[in-house]
Amino acid sequence: MIKLPCADCTIAERLKLLNASTFAFIIVLVVSNYGQLLSLEKKIITLQQFQGFVEDVLELRRYEKDFLLDVGTNNIEMIHKYLARITVTVERLDSQLKKLSSPEDYRTFIEAMQHYRICMKSSERGSIVSGECLHRYGRIMVEYATAVLEKKKAGLEINLKTILYTFTIVPAALVVLMIWGLFSQTRSVLNRIAFVQKATQDILRGDFTPIQDTTSTRDEIHGLIQSFNKMAMELDTKTHELIQAEKLAAIGTFSSGIAHELNNPLNNISLSADMLLEDLDLLSRDEIKEILQDILVQTDRAGAIVRNLLDFSRDKEAQVQEIGVRDLIKRTIKLIENELRLNHIHIDTWIPDNLPRILGDFQKLQQVFLNLFVNAIQAMPDGGLIYIDARYEEPGYVRIDVSDTGEGIPQDMIKKIFDPFFTTKEVGAGTGLGLSIIYGIVQKHGGYIEVSSKLKQGTTFSIYLPAVGRKEDETEA
Ligand code: ADP
């Protein structure tokens, strides 16, 4: 590729340079054309003089002919008159005549003129003028005069052609050069803008990878790329914070369920401990052991609930691993088990044993399903059914459908539900971020989402995630 001059300049500087060079070029063109026209004018005047020179020589010869044929009265005076005129013209055009003819031809012409004059002199002395003498030298003079006139004309033609070229070809070349300069500038700017545009679309898909500016140009686009990268980094951090906040908000919505779930084992522990305290002396060793065992089981249960909750809410570094869909769904349901019970919602799953695993971040994918479950619970205030159906789908996806029997979503609203901050819920019940976060996470995992809904019948969210070769039951084995 041809490297443009001023490759390190900004676009504004390059445009200025292009304008300045065009302006300078036009000035040079105008000045040179003006010079050409002036010289052309001079040449035309000289050509007229040469034309006059030839006409004088021809007139001389006409009077010479009349004189020899003895026609007319003042032929001798006219011949002398023309000889004098020719002599003056030759003196005036001397330098040009020398340039246009060889020294030998010039000399021959001057000698011919002198001989012609000498021939005519005999008429003054009353002797007979030799016709042959006049004829010979007159012919040499005509030949010379017409030859130099032709040469002068040819020179003028070249001059005219040069002016024609500088008036047409040079400006045309200049225009082509300018168009090429503008075109390559525009192309380079557009290419790099397209690059930024693509990166913007990547950001919409949740990919915050900074743009690598491969050119060394430090122009406005470079500045734009720098600012874009800063913005992408900032967005990445903010999105991360948002995901974390949304996660905590989701936990907040089912906190009563969690409290309830924790309360059960704690109650059991308290009851068992009470019983132990009151009847310690009456109980056999085996019975005491059994109650202590029960306390341990209940403690484990409470511990598991807290661990599960902590695992989910902790802000961990993304960790990509092979994940079994059944395990993922089971552990997510665990987080909301009590919430489901409190809201009279039954949950059913159908996950085949031979379902391929998926590759991703467990915590993030858990958040996807938790948000879907929370939305489904909120869409069924009077209870209902959540149905999870997973299957393999060509080409290489695991599809997980999460369906509910809730209020459904109006068709005209479906295209808005993934927009950040879009919510139909009351203040405090929804942030409008759940689905937009799900969308970002699924996109980042190389998958996509589909939604279908019928008012008063329910909604199905289908999550497609790329499958990896190994089946879920293979590890379990
Ligand atoms: P939020 O739940 O905080 O409102 P989301 O982004 O999760 O935000 O959801 C956006 C909107 O999509 C909800 O306000 C609701 O109107 C609609 N929606 C999401 N899931 C369901 C569902 N399962 N049934 C009915 N409407 C739903």
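These numbers come from a predicted model, not from an experiment.

Details of a nonpolar patch on the surface
Nonpolar side chains collect at one region of the surface, where F23, I27 and V31 lie side by side and expose about 320 Å² of accessible area between them. Judged by its relative accessible area of 43%, I27 falls in the partly exposed class.

Some thoughts on the site of the ligand
Taken together, 18 residues surround the ligand, and among them T423, T424, K425, T431 and G432 come closest. Contact between the ligand and N375: an oxygen atom at 2.9 Å from a side-chain N or O atom of the residue. Interatomic distance of 2.6 Å between a side-chain N/O atom of K425 and an oxygen atom of the ligand. Within the complex, the protein chains bury 96% of what would otherwise be the 530 Å² of accessible surface of the ligand. With respect to the detected pockets, the ligand is housed in the second largest pocket. Contributions of two or more residues to the shell around the ligand are made by α10 (362-379), α12 (434-444) and β7 (458-471).

Regarding α10
If you check α10, its first and last C-alpha atoms are 26 Å apart, about what 18 residues at 1.5 Å a residue would give, namely 26 Å. When you tally the buried positions in α10, you get 16 out of 18 residues, the bulk of the element.

Description of the state of the cysteines
Joining two cysteines, a disulfide is a covalent bond between their sulfur atoms. For the structure shown, the criterion picks out 1 disulfide. Two residues, C119 and C133, share a disulfide whose sulfurs are 1.4 Å apart. Note that C119 is positioned in helix α4 (residues 103-124) and C133 in helix α5 (residues 131-204), a separation of 14 residues in sequence.

What to know about the nonpolar core
In this structure, V325, F369, L372, I386, I400 and I463 are the most contacted members of the largest nonpolar core, which totals 50 residues. Where this core is concerned, the elements lending two or more residues are α6 (220-253), α8 (285-313), α9 (325-342), α10, β4 (384-393), β5 (397-404), α12 and β7. No other element matches the 10 residues that α10 contributes to this core. Excluding residues that lie within four positions of it along the chain, L372 makes contacts with V402, L435, I438, F461 and I463.

Side note on the layout of surface pockets
Taken as a whole, the second largest pocket holds about 640 Å³ of empty space. As for the second largest pocket, its lining consists of 33 residues, and the residues nearest its centre are N375, Q378, T424, K425 and L435. Of all the secondary-structure elements, those providing two or more residues to the lining of the second largest pocket are α6, α10, α12 and β7. If one sorts the elements of the lining of the second largest pocket by residue count, α10 sits on top with 7 residues. Its residues placed into classes, the lining of the second largest pocket shows 15 nonpolar, 14 polar and 4 charged.

Concerning the confidence of the model for the chain
Chain-level pLDDT for the chain is 86 on average; 94% of the residues reach the 70-or-more range. Taking the mean pLDDT of every element in the chain, the minimum, 50, falls on helix α13 (residues 472-476) and the maximum, 97, on β5.

Section: the pattern of salt bridges
Two side chains carrying opposite charge are able to pair once their charged atoms lie near each other. One pass over the full model with this rule turns up 18 salt bridges. A salt bridge links R61 to E64, with the shortest nitrogen-to-oxygen separation between them at 3.1 Å. In this pair, R61 and E64 are both assigned in helix α1 (residues 11-69), 3 residues apart and thus about one turn of the helix distant. The buried category is assigned to R61, whose relative accessible area is 17%. Sharing partners across several salt bridges, the network here consists of D389, R391, E393, R399 and D401.

Side note on the packing of aromatic side chains
To describe a pair of aromatic rings, you give the distance between the ring centres and the angle between the ring planes. Per the stated rule, a full pass over the model turns up 7 aromatic pairs. Between F53 and F109, the ring centres sit 5.7 Å apart and the planes meet at 85°, which makes this aromatic pair edge-to-face. A residue pair is termed long-range when its members are at least 10 positions apart, and F53 in helix α1 and F109 in helix α4 qualify at 56 residues. Under the relative-accessibility criterion, F53 is labelled buried at 1%. We classify F109 as buried; its relative accessible area is 0%. Measuring from centroid to centroid gives 5.9 Å for Y63 and Y82, while their planes differ by 20°, and the two rings are stacked. With a gap of 19 residues between them, Y63 in helix α1 and Y82 in helix α2 (residues 75-92) connect regions that are remote in the sequence. With a relative accessible area of 14%, Y63 lands in the buried category. Judged by relative accessible area, which is 9%, Y82 ranks as buried. Every member of this aromatic cluster is reached through a ring pair, and the members are F53, F109 and Y144. One cation-aromatic arrangement involves R62 over Y63; the distance from NZ or CZ to the ring centre is 4.8 Å.

Calculation rules
Residues numbered from 1 in each chain as written. Predicted model: local features only at pLDDT ≥ 70, side-chain atom pairs only at ≥ 80, totals over all residues. Heavy atoms only, no water. Patch = residues over 30% accessible without salt bridge, like charges linked within 9 Å, V, L, I, M, F, W, Y side chains within 5 Å. Areas by Shrake-Rupley, 256 points an atom, 1.4 Å probe, with all protein chains shown as cover. Salt bridge = Lys/Arg side-chain N within 4 Å of Asp/Glu carboxyl O. Buried < 20%, exposed > 50% of the residue type's maximum accessible area, 1.4 Å probe, protein only. Near = heavy atom within 4 Å. Polar contact = N/O pair within 3.5 Å; in protein donor to acceptor, adjacent residues only side chain to side chain. 1 Å grid on protein atoms, 1.4 Å probe; cavity = no way out; pocket = protein on both sides within 12 Å on 5 of 7 lines; lining within 4 Å. Sits in = over half its atoms within 2 Å of the grid points. Helix = DSSP H or I, 4+ residues; strand = E, 2+ residues; numbered from the N terminus. Expected span 1.5 Å × (residues − 1). Disulfide = S-S within 2.5 Å. Core = buried A, V, L, I, M, F, W, Y, C linked by side-chain atoms within 4.5 Å. Contact = heavy atoms within 4.5 Å. Points joined across faces, edges and corners; volume = space filled by probe spheres on them. Nonpolar A, V, L, I, M, F, W, Y, C, P; charged D, E, K, R; others polar. pLDDT = per-residue confidence, 0-100. Phe/Tyr/Trp six-rings, centres within 6.5 Å; stacked < 30°, edge-to-face > 60°. Lys NZ or Arg CZ within 6 Å of the ring centre and 35° of its normal.

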